[in-house]
Each structure stands twice: as C-alpha cells, then as structure tokens.
Amino acid sequence: MMDLLKHELFKIISRKSVLIVAVLLLLTYGLFIASRSDHYHNASQEYKPYERVITEADREMVLKVFEDEERYNKDTPPSERGLLQDIWDIQSMQAGYERQLEEIRAQLDRSVLGSYEYKQHALHEQLLLEKGPPSGQVYYNKPWAYMIDMIDQFGVAFMGAMILIGLASLYSEEYSTGMDSLLLSSRKGKGKLITAKCCAAIIYTSSCCFLFALINIVVHALLFGNLDGANTPLYSLSKYGDSHPFGTSPYSLMVGQYYAIQLGVHLVGSVAFGLAVMFISSLSASSFVTLFVSGCILGVPYLLNDLFNMQIQVIEWLSFYSYSQLMRVTRLFNYFQTVNLGNIPVLYPVAALSVITVVTGLLVWGTRLVFRKHQVSA
Amino acid sequence: MKLTIQDISKQYKDKWAISHFSAELNNGVYGLLGPNGAGKTTLMRMLADILQPTAGNILLDGEDIRTMGDGYRDLLGYLPQHCGFYKQFTAHRFLMYIASLKGQEKKYALAKVDEMLHLVGLADHANRKIKSFSGGMRRRLGIAQALLNDPKVLILDEPTAGLDPKERIRFRNILSELSGDRIVLLSTHIVSDIEYVAKEVLLMNEGQLLKQDRLVTLLEQLKGMVWKAMIDESQLSSLKRHYKVGNILRQPSGIEVRILSKEQPLPSARTETPGLEDLYLYYFNEELAE
Ligand SMILES: Nc1ncnc2c1ncn2[C@@H]1O[C@H](COP(=O)(O)OP(=O)(O)OP(=O)(O)O)[C@@H](O)[C@H]1O
Ligand SMILES: [Mg+2]
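- In the annotation of an unreviewed UniProt entry, the entry for chain B reads ABC transporter ATP-binding protein, and the organism field reads Paenibacillus profundus.
- Annotation of chain B in UniProt includes, under Sequence similarities (unreviewed entry), the sentence "Belongs to the ABC transporter superfamily."

- Chain A has the name ABC transporter permease in an unreviewed UniProt entry, where Paenibacillus profundus is given as its organism.

### Details of the pattern of salt bridges
Residue and element names in this part refer to chain B.
Right, so step 1: Under the defined criterion, the tally for this structure stands at 23 salt bridges over all chains.
Right, so step 2: Residue Asp181 is joined to Lys152 by a salt bridge in which the shortest nitrogen-to-oxygen separation is 3.7 Å. Of this pair, Asp181 sits in the loop between α7 (165-177) and β8 (183-188) while Lys152 sits in the loop between α6 (135-147) and β7 (153-157); the two residues are 29 residues apart in sequence, bridging distant segments of the chain.
Right, so step 3: Its relative accessible area of 39% is what places Asp181 among the partly exposed residues.
Right, so step 4: Taking the shortest distance from any N to any O, the salt bridge between Glu256 and Lys228 comes out at 3.9 Å.

### Points about the packing of helix α4 (residues 56-67) of chain A against helix α5 (residues 78-110) of chain A
Residues and elements named next belong to chain A.
Right, so step 1: Across the interface, α4 lies against α5 with an axial gap of 9 Å and an inter-helix angle of 130°. Comparing the axis directions of α4 and α5 gives the class oblique. Note that α4 runs across α5; the crossing there is left-handed. Facing α4, whose interface residues are Glu56, Asp58, Arg59, Met61, Val62, Leu63, Val65 and Phe66, α5 presents Leu84, Gln85, Ile87, Trp88 and Gln91.
Right, so step 2: Of the residues in the contact of α4 with α5, the class split is 8 nonpolar, 2 polar and 3 charged.

### Here we look at the nonpolar core
Right, so step 1: Among the nonpolar cores identified, the biggest contains 183 residues, and B:Phe94, B:Tyr97 and B:Leu141 are the most heavily contacted of them.
Right, so step 2: When residues no more than four places from it in sequence are discounted, the contact partners of B:Tyr97 are A:Leu4, A:His7, A:Glu8, A:Lys11, A:Met179, A:Leu183, A:Leu193, B:Tyr86 and B:Phe89.
Right, so step 3: Residues B:Ala229, B:Leu239, B:Val245 and B:Ala269 belong to the second largest nonpolar core, which totals 12 residues.

### Focus: the UniProt feature "transmembrane region" (unreviewed entry) in chain A
Residue and element names in this part refer to chain A.
Right, so step 1: When the UniProt feature table is mapped onto this chain numbering, "transmembrane region" (unreviewed entry) sits at residues 12-34, 154-172, 193-223, 259-280, 287-304 and 346-365.
Right, so step 2: Taken end to end, residues 287-304 has its terminal C-alpha atoms 25 Å apart, with 100% of it in helix and 0% in strand.
Right, so step 3: Between the C-alpha atoms that bound residues 346-365 the distance is 27 Å, and the span itself is 90% helix and 10% strand.

### Describing the domain arrangement of chain B
Right, so step 1: Per the domain assignment, the segments of chain B are domain 1 (2-219) and domain 2 (224-273).
Right, so step 2: In this structure, domain 1 of chain B and domain 2 of chain B have C-alpha centres spaced 37 Å apart.

### What to know about the state of the cysteines
All names here are of chain A.
Right, so step 1: Inspection of the entire model under this criterion finds 0 disulfides over all chains.
Right, so step 2: In this model Cys198 remains outside any disulfide bridge; the closest cysteine sulfur is found in Cys199, 5.7 Å from its own.
Right, so step 3: For Cys198, a relative accessible area of 12% puts it in the buried group.

### A short note on the sheet that holds strand β9 (residues 200-205) of chain B
Strand pairing in a sheet is mediated by backbone hydrogen bonds. Such pairs are either parallel or antiparallel.
Residues and elements named next belong to chain B.
Right, so step 1: Taking strand neighbours across the sheet as the criterion, the 6 strands line up as β6-β7-β8-β3-β9-β10 in an open arrangement whose pairing is mixed. Edge positions in the open sheet fall to β6 (76-79) and β10 (208-214), since each of these has one partner strand only. The mean inter-strand angle of the sheet, taken between neighbouring strand axes irrespective of direction, is 15°.
Right, so step 2: The strands touched by helix α11 (residues 276-284) within the sheet are β3 (28-33), β9 and β10, with β9 carrying the most contacts at an inclination of about 30°.

### Considering the interface of chain B and chain A
Right, so step 1: Taken together, the contact between chain B and chain A spans 33 residues of the former and 29 residues of the latter.
Right, so step 2: In total, chain B and chain A occlude about 2,700 Å² of area from one another, counting both sides; carbon and sulfur atoms represent 57% of this.
Right, so step 3: When residues of chain B are sorted by the area they lose upon contact with chain A, B:Ile50, B:Arg73 and B:Leu101 head the list and together hold 24% of the total.
Right, so step 4: On inspection of chain B and its partner chain A, the count reaches 2 salt bridges.
Right, so step 5: Put simply, B:Asp74 and A:Arg187 hold a salt bridge, and the shortest N to O gap is 3.5 Å.

### Quick word on the packing of aromatic side chains
All names here are of chain A.
Right, so step 1: For the structure on display, the rule yields 27 aromatic pairs over all chains.
Right, so step 2: The interplanar angle of 25° and the centroid separation of 6.0 Å between the aromatic rings of Phe32 and Phe154 together place this pair among those described as stacked. Here the residue Phe32 occupies a position in helix α2 (residues 16-35), and Phe154 occupies one in helix α7 (residues 142-167), the gap between them amounting to 122 residues.
Right, so step 3: You can call Phe32 partly exposed: its relative accessible area is 31%.

### Let's talk about the coordination of the magnesium ion (ligand 2)
Residue and element names in this part refer to chain B.
Right, so step 1: For the magnesium ion (ligand 2), the full set of protein donor atoms is Thr41 (OG1) and Gln81 (OE1), and the range of their distances to it is 1.8 to 2.1 Å. Note that Thr41 is positioned in helix α1 (residues 40-47) and Gln81 in the loop between β6 and α4 (91-101), a separation of 40 residues in sequence.
Right, so step 2: What makes Gln81 partly exposed here is its relative accessible area of 27%.

### Brief notes about the environment of A:Ser377
Right, so step 1: One can find A:Ser377 in the segment after α16 (348-372).
Right, so step 2: For A:Ser377 and A:Ser181, which are 196 residues apart along the polypeptide, the C-alpha to C-alpha distance reads 9.5 Å.
Right, so step 3: In contact with A:Ser377, not counting residues within four places along its chain, are B:Tyr12, B:Arg45 and B:Leu51.

### Considering the site of ligand 1
Right, so step 1: Not every one of the 15 residues close to ligand 1 is listed here, only the nearest: A:Ser377, B:Lys15, B:Lys40, B:Thr41 and B:Thr42.
Right, so step 2: This site is not confined to one chain, since residues near ligand 1 come from chains A and B.
Right, so step 3: In this structure, B:Asn36 approaches ligand 1 through a side-chain N or O atom, which is 3.0 Å from an oxygen atom.
Right, so step 4: B:Lys40 is positioned such that a nitrogen or oxygen atom in its side chain is 2.7 Å from an oxygen atom of ligand 1.
Right, so step 5: Protein contacts shield 70% of the accessible area of ligand 1, which totals 640 Å² for the unbound molecule.
Right, so step 6: In terms of residue count, α1(B) provides more of the shell around ligand 1 than any other element does, 3 residues in total.
Right, so step 7: Residue composition of the shell around ligand 1, grouped by class: 4 nonpolar, 8 polar and 3 charged.

### Quick notes on the sheet that holds strand β1 (residues 2-12) of chain B
Residue and element names in this part refer to chain B.
Right, so step 1: In spatial order, the strands read β2-β1-β4-β5; together these 4 strands make up an open sheet with antiparallel pairing. This sheet does not close on itself; its edge strands, each paired only once, are β2 (15-26) and β5 (63-64).
Right, so step 2: Relative to β2, β1 runs antiparallel, the two being bridged by 8 bridges. Each residue of the ladder has a partner; that of Tyr12, found in β2, is Lys15.
Right, so step 3: Packed onto the sheet, α1 meets β1, β2 and β4 (55-60) and runs at close to 120° relative to β1.

### Thoughts on the packing of α5(A) against helix α6 (residues 116-131) of chain A
All names here are of chain A.
Right, so step 1: Packing of α5 against α6 leaves a shortest axis separation of 9 Å and a crossing angle of 155°. If you check the angle between α5 and α6, you find them roughly antiparallel. Crossing handedness for the pair α5 and α6: left-handed. Along the contact surface, α5 presents Tyr97, Gln100, Leu101, Ile104, Arg105, Gln107 and Leu108, while α6 presents Tyr118, His121, Ala122, His124, Glu125, Leu128 and Leu129.
Right, so step 2: The residue inventory of the contact of α5 with α6, partitioned by class, reads 8 nonpolar, 4 polar and 2 charged.

Conventions used here
Residues numbered from 1 in each chain as written. Chains lettered and ligands numbered in written order. Predicted model: local features only at pLDDT ≥ 70, side-chain atom pairs only at ≥ 80, totals over all residues. Heavy atoms only, no water. UniProt positions renumbered as here; feature names shortened; annotations may be inferred. Salt bridge = Lys/Arg side-chain N within 4 Å of Asp/Glu carboxyl O. Helix = DSSP H or I, 4+ residues; strand = E, 2+ residues; numbered from the N terminus. Buried < 20%, exposed > 50% of the residue type's maximum accessible area, 1.4 Å probe, protein only. Axes fitted to C-alpha atoms, helices over the stretch in contact; angles between N-to-C directions. Parallel < 35°, antiparallel > 145°, perpendicular 65-115°, else oblique. Left-handed = near helix turned anticlockwise from the far one by under 90°. Contact = heavy atoms within 4.5 Å. Nonpolar A, V, L, I, M, F, W, Y, C, P; charged D, E, K, R; others polar. Core = buried A, V, L, I, M, F, W, Y, C linked by side-chain atoms within 4.5 Å. Domains from an automatic or database assignment. Disulfide = S-S within 2.5 Å. Pairing = 2+ DSSP bridges. Buried area = accessible area lost by both parts, 1.4 Å probe. Phe/Tyr/Trp six-rings, centres within 6.5 Å; stacked < 30°, edge-to-face > 60°. Donors = N, O, S within 2.8 Å, 3.2 Å for Na, K, Ca; no water. Near = heavy atom within 4 Å. Polar contact = N/O pair within 3.5 Å; in protein donor to acceptor, adjacent residues only side chain to side chain. Areas by Shrake-Rupley, 256 points an atom, 1.4 Å probe, with all protein chains shown as cover.

See below:
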C-alpha cells in the first residue's frame, strides 16, 4: 500500500506541467506582492501610542489631518493613512455594534416565540453579546490582515490551479493511455489502488496548501519584519486604509485563532475540491474535459456571484455551498447566517462544512464504484 | 488448473462480438487464432476480468472468477493488445509499479524485476525512460510485466506483434521454458509463433469457436488436401475462382501455387505436408472459398 501510494504521488508530481504551473503561480504571487509593495510597512511603533481607548481629542486630530491637504493627499503612505482611518473608524464601529443589537432585538420582538426566525435572532443576539462591544482601541495587526487577505484572494486561485493541473489526469490519463487494462487486471487494481489514488490526491492537495501557507507566512514575516497582532480581536482586522471585513462578524475570535481556522477550512475546502476533481476524472477519458468541467465547478459560482454580483436565488444558493466560497473562508465567518435544519438554526460554517463532508464522502465512494465497474472496451 | 469458459457472449451496442463461446483450458499453452475482428481481444478481456460478459461464466477450478475477485487476479498475468505505459517512467520503475499493483513486497519485487528485465533482454535499458523505447522494446516490457507475478493464468494478446525475428525466437523460448503448471492463452496472427509451443489451437471467427484441438490432429485432417503445382499466368485466375489458393510464388519457369482442395485440382499437382498457414487458409479464407 505504501509503495502504491509513493508511485501514485510520483505520477502526479513528475509531470512537467505541475512544475511549470507552480512556478508561474509563484511568479504571479511575486508580482502581486510587488504591485502593492508600499503597503508592506511595519507601523507597529506608530500604532503603539493609540493602543488605548480613543478619545474625542484623537478624532479631532484626525479630522484636522484629513482636512489639511498638505499633510493628507495621495502621496500619504498607506500606513499613515491606515492609522488615521483606524482611529476614525472606532466610533462608527462602536455605533454599528449598538445598532446591530437594536435591530436584532426589534426583529426578536416581531418574531413568534419558538419559530425558526425567533431562534435565529436569539442565537445572533447571544453571539453578539458574547463578543461584546468593540473596545474602542486601535490595534496593530497588519501582517495578519495581508496574510489572511492573500489566502482569500490569491490562495484560492493558487490551490484551484494546482489541484486542476495535478489531479485532472488522476484517472483520465489511465483511461487514455490504456493503462486501465493493466490496473484493473491486477490484484490490487480494484481495491488498494483506488485508496492509494485517493490518499495521493489528499497528500498532494495538502502539500500544496501547506507550501503556500508557509511561503505566505515567511514572505509576510520578512516584509513586515514581524507577525505582530495575533492576539488582537478579529473585528479590528483590516489592511491599511481598508474597511474592516470582519467588523460585523458574530464570532468572538482573536486574529491568530481566525488564521488557524481559515487555514483549516481552506485546507478542507481544497481537499474536498481535489476529491471532486478525482471523481470527475474517474468519469472521463480526457484530462482536458476533466480540467474544463472541474474548472467550471470552481470558477462559475465565483464569477457569477462574486465578480458579476448576480443576485439570483439559484446562483446565490449555489455560491453559498460552492467550493470557492469554502476555500476563501472569509464569507463563512464575516456575517451572521444560519441554515434551517428541522426548525433549528445551524450556523453557516457548520452547515457548509457538514454538507461538504457528506458530498465528499459520496464522491469518494462514487469514484470507487465507477473505477471498479469500469469496462475496458475501447 | 482448469479454466472453463462457459457459454460466454458479449454484446456491444448492436453487435455480438462473442456468441456462445465455450472452451476448457488445462495447463499448457493454447494458441488463439482468428482473423481481424474475430473477437480474440474481447474474449481475452473477459478472461482478464476487465470486461463483463453479457452472458455466461468463466470458472477457474470450478469457481466463478467474479466471486474469486482479487484472488483470481492474483493468479493472472495479462498483456493487452495495446498495452499502456507511463512514458515518464523508466522501465525499472514501471515494473516496480506493476509489482506493487500485484501486491509484491519491495524486496522480492526488486529481485523479480531484475530477473524479468534480463528475461526479455531489457536489462541494459532498465534505467531509460519508456518514451525513448522502440515499439518492440515496449512490447517486451509488456511481456515482462505480465510474467512478473509468476502467473498461473497467462493471457497474452498478440505478444509478438512488432517483434523482430530474433526477439520472436526469444519469446518462443521464454514460452517453452515456463514450467508446465500454468495455463497460457496467446493470440496471434503469426502462425509460426505457436507452431512448436502450443499444446492446442483454438480457431475462432465471428465470435464463435470453430475448432479446438491439438495442432497435429488439425493438420492431420488436412492431409491430402494441400497441393502444389506449377502453372502459367493464364491458369491462375480460373484456379483462384475454383479453389482456395495459398502462396503464389512467381519463378522464371512459371508460377508455383499452393492449393487447398479435397480432390486433385490439376493433373500436375502434387500433395504437400499441411502447415499452419494452410490451416489458417482453410478455416478463415472464406473469400477464396466460393
Ligand atoms: N467497444 C466496442 N464497441 C463496438 N464494437 C466493438 C467494440 N470493441 C470491439 N468491437 C467489435 O467486436 C468485434 C471483435 O473485436 P476484437 O477486438 O475482439 O477482435 P480481434 O479478434 O481482437 O481483432 P484483431 O485481430 O484485429 O485484434 C469486432 O467486430 C469489433 O468491431
Ligand atoms: Mg485483438
């Protein structure tokens, strides 16, 4: 079994296309980093004085800078703008939290006691209360903000491309080269081999995922000079001068905790997609068809919903449970969303992970069935 | 070992590739002979457990190979007509891969792979990538992988296709050296491949078994039916119309022809000892029979 697994892994990574695509992707990564190189600045010292409750005087200072065109223009470095923005945003963030609670309570009043809606709003309220109001401080966590954003954006593209190029041929190539005759007529060909291929797919995907995470963390640590801010609250996470993507997230998490969760869910999503590609590969004798179909499964919901912002029910639902959404992770955690399971509200991340686990289990089982029953008649 | 093929049929969409094929194979080498499209490959795929028969059963020592599953394939060696390879693998790695597919321990496999590479004369090319191999070398690698697990049931689909005469002799020697306690079924169009090694010959056409018998017995039946004669050009076409005409050899003194006929076709014709080619012509060359 171990021998088979090693051979299967070798088959995947010995192909030149895998290497070429990996190199191209890493070059693109480099370009991506270079294009916003002015953002990679360690401003922890500038932030230090404001890591306390922000006062009205601070706001007035910021306002003054905003209005002074000499000091605040397009040449202001992102880190400086970021600090000012972060100080300025404190008040609206606190107000936002209050407003959110008020709205929920109003909705609670309107809902029938014991109904799904009621339970949903009650859960939301409970989570927000656990999270508590924003502390009113400014936090420095920029290395994490950029790192987490990189996985959300480039990480999905990287993993998608690596999985497609590496795994589309998993079974398709066996069919197209005629190796299926030898595989299926061998003792292990209808059992252990299928397990070995599945494990190889998982190991390959995980390795790509860890490789990217490692590169990402090293690059950001080097660019920023440190990885400060792991122990700051998630709601305060933002890139320089950017909005706070997790500002209204109902989850009380620290930035470091969220990073670990993001990596875990990103890994689960990637492996699930890898195994979906494996299943499609077992159905088609053409690696190209597998690549195209799998690419569509990954890309179409993303394009329609995230890029073109199409808000049709079906597409939203598709995108809700899509592989790209799971691999991005952000949308799972940055707002409150539940799924109705027998009148009980289930949190979106829990629902998404459960659904993907069941679907992936079925696909693995399906792959086994398809290959075992494969008839060599071409 | 006894391999029983029980009333096997195989239907492709609108065509019966095999219909009601029954045979019994015991230890020894069997030659499967038939023209293109006879159904040899289809039959062999079913014996290799990679194609389900539409009807009928295949039994090894009385047990259905479908219920034997892995246990049957453990005893099996199979060389497909068009054998696939991984082009980026070396010959050695490829055989090691097949060995692990066959469930062999690495240590055992290393020795066995070397042995096989020697057997098929590829030892010097063990560490070359398969993409640099010629067609004949690939064929030999295919033979090596089929023999890797010392199979008790060996199915070879046109093993000598693409081999040069020297390698064909090597293959024939390998076949005769394989110890007797196994069933070997090999299909071929090159009748001399099985002339000396095959215990019995199975003749099939259009998905059906025409004859299964020992070669000498089959040839015996043709005794007195094979003729040789010298004719001139003008006689040839009328001869072709009335008889099955085999080898036509143009010589300075005229045309030497081999004729299959129950009665003497020409006053000058002399009987010849029947060979495998005559057998092939007799059973499969219907076009000439009319
Ligand atoms: N996948 C398929 N779909 C439809 N018909 C098929 C298929 N495969 C084979 N056939 C038909 O089944 C018959 C038997 O084919 P098979 O390949 O078994 O012949 P063969 O004896 O091996 O021929 P050859 O000597 O050319 O290798 C042929 O008429 C062929 O056209
Ligand atoms: Mg054939």
